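Spelled out, the chains give:
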Amino acid sequence: MIFHVDMDAFFASIEQRDDPRLRGKPVLVGHAGKRGVVAAASYEARRFGCHSAQPMAVARRRCPQAVIVPGRHEVYLGVSAELFEILEGFTPVVEGLSIDEAFLDMSGTQRLHGPPRVAAERIRQTVAERLRLTCSVGIASAKFIAKIASDQDKPDGLTVVEPGRERAFLHRLPVRELWGVGPRTQEVLERYGVRTIGDIAELGLETLERDLGEHGRHLHQLSVGVDPRPVSPGRERKQVSHENTFGEDLRSRPEIEDWLLRQSTRVADRLVAKGLHGRKVHLKLRDASFTTWTRQCSLDEPTQEARVIFARARALLDRLEAEGKLRALRIRLTGVGVSDFRRDAPARQLELLPVEGAAEPATDDRGEAVQDVLSEVRRRFGGKALGLAGVGGIRREARDDAGAVPDLSTRIDDD
């Protein structure tokens, strides 16, 4: 018995809750500037075609009367903590998907909380009373079906897929409802006239495996309601990242590197705080035409040092430049991330002599100790208290990308 609990228009609903003047009005949360992105849209705004991750300029054209409010991420974090405290009061087996949604394994709780529908109503009532917000709940025997179900009757809805009714529930739904069906997969399926999840089941395993390999097998299992994955509380985060969108495009290599250094520092501070070391470094750039490039590389040793992360990010930037991607240099977003984590500090073979011309600076105990001190100083006195040379040279005004919300969306993010 798996529940998927999903808050309704979380950021926008909090703003409407805290400011009575916003209630009943179309609300957009995000940056109002020309480069702004919608972090959340109230249901009143969604009726006009507004949605999260949409350029704010597009949302404003569709709904000129919308009220735009800046995000208050610390407030959202606090409400999220209260939400998870409520959910963990119903079952200890809670798997957070993001700041505002989670899976709950409610198996064996019926004597305490009643039948599934009754338990779900109690959860919704508790959330409404304590948070003064609404949530939608989906109930099913499999995780992905519960997640699909929670979206069927939003906002403030409850959908139960009874055991044995999984295939009937899925049959009529469009293929895009399935996890893992992106544009390329949908294009392959459309060649066979596939439009619904039921069509996938009828297409057959052999055809799907031939055209999509192991991914095809996975889609076929989902299409017939098979998802054996358990609810996994305390999932480790997949990536720690930081990105910025700029009010004015970056037009020079030094400007880009300056921001990559600052972002590497922010990522390193989070790794130190979590006691994590990562083996993969990711670079993300987006130009003025909204073309996005991503590159990644693996390190010889896991690290949490800003200087090592930055060195690899700069090498990835060299790779993009060599590929001719940066010829018309107008960069509106940069980002740095680290993944493939190790919880404990890795054991290392010490170098007898310094290695000249190494692709990346060597990670050693002294570097780790310096990083610990720098991160602790910034934790106590603010992110700008100490930084590697170059960070202080940043002049341009920037903002955290509203769609990223680094500390929130990366808690279990797979990207």
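Relevant structure appears above.
Reading the values: the criteria
Residue positions within a chain follow its written sequence, with the count starting from 1. Local features in this predicted model are restricted to residues of pLDDT 70 or higher, and side-chain atom pairs are both shown and tallied only at a pLDDT of 80 or more, whereas totals for entire chains, interfaces and linings draw on every residue. Think of the side-chain values as coming from all heavy atoms in the structure, minus any hydrogens and water. Whenever a carboxyl oxygen of Asp or Glu lies within 4 Å of a side-chain nitrogen of Lys or Arg, that contact is scored as a salt bridge. Secondary structure counts use DSSP, requiring at least four H or I residues in a row for a helix and at least two E residues in a row for a strand, with both numbered from the N terminus. Whether two residues are in contact is decided by their heavy atoms, any of which lying within 4.5 Å being enough. One bridge is not enough; two strands pair if DSSP finds at least two bridges between them. Between N-to-C directions, angles span 0 to 180 degrees; the directions come from axes that are lines fitted to C-alpha atoms, helices contributing only their stretch in contact.

Asks: Sorry, what's going on with the pattern of salt bridges here?
Replies: Think of it this way: side chains of opposite charge can pair up when their charged atoms draw near. A complete count under the given rule lists 21 salt bridges for this structure. Of the charged contacts in the structure, one is a salt bridge between Glu305 and Arg307, with a shortest N-O distance of 2.6 Å. One connected set of salt bridges, linked through shared partners, spans Arg253, Glu257, Arg314, Asp318 and Glu321.

Asks: Whenever I open this one, the environment of Ile331 confuses me. Can you help?
Replies: Positionally, Ile331 belongs in strand β12 (residues 331–342). The sequence separation of Ile331 and Glu255 amounts to 76 residues, and the corresponding C-alpha distance is 9.8 Å. With residues up to four places along the chain from it excluded, the contact list for Ile331 reads Phe246, Asp249, Leu250, Ile256, Leu285, Arg286, Asp287, Trp293 and Leu326.

Asks: Looking at this structure, how should I read the sheet that holds strand β6 (residues 101–105)?
Replies: In a beta sheet, neighbouring strands are held together by backbone hydrogen bonds and run either parallel or antiparallel to one another. Ordered by their spatial adjacency, five strands build an open sheet running β5-β6-β1-β7-β8, and the pairing between neighbours is mixed. Looking at strand neighbours, the two that pair on one side only are β5 (94–98) and β8 (158–160), the edges of this open sheet. When the angles between neighbouring strand axes are averaged without regard to direction, this sheet yields 15 degrees. Examined bridge by bridge, β5 and β6 share four bridges and lie antiparallel to one another. Paired with Val94 across the two strands is Leu104, which belongs to β6. Contacts from helix α4 (residues 73–88) reach β1 (2–7), β5 and β6 within the one sheet, and its direction differs from that of β5 by about 155 degrees.

Asks: How do you make sense of the sheet that holds strand β4 (residues 67–69) when you look at a structure like this?
Replies: With mixed pairing, three strands are arranged side by side in an open sheet as β3-β2-β4. Looking along the sheet, the strands with just one partner apiece sit at the ends: β3 (38–41) and β4. Across this sheet, the average inter-strand angle for adjacent strands is 25 degrees, counted without regard to direction. One ladder, built from three bridges, connects strand β2 (residues 27–30) with β4; its direction is parallel. Considered in β4, the bridge of Leu28 is made with Ile68. Those strands touched by helix α1 (residues 10–18) are β2, β3 and β4, and its axis lies near 115 degrees from that of β2.

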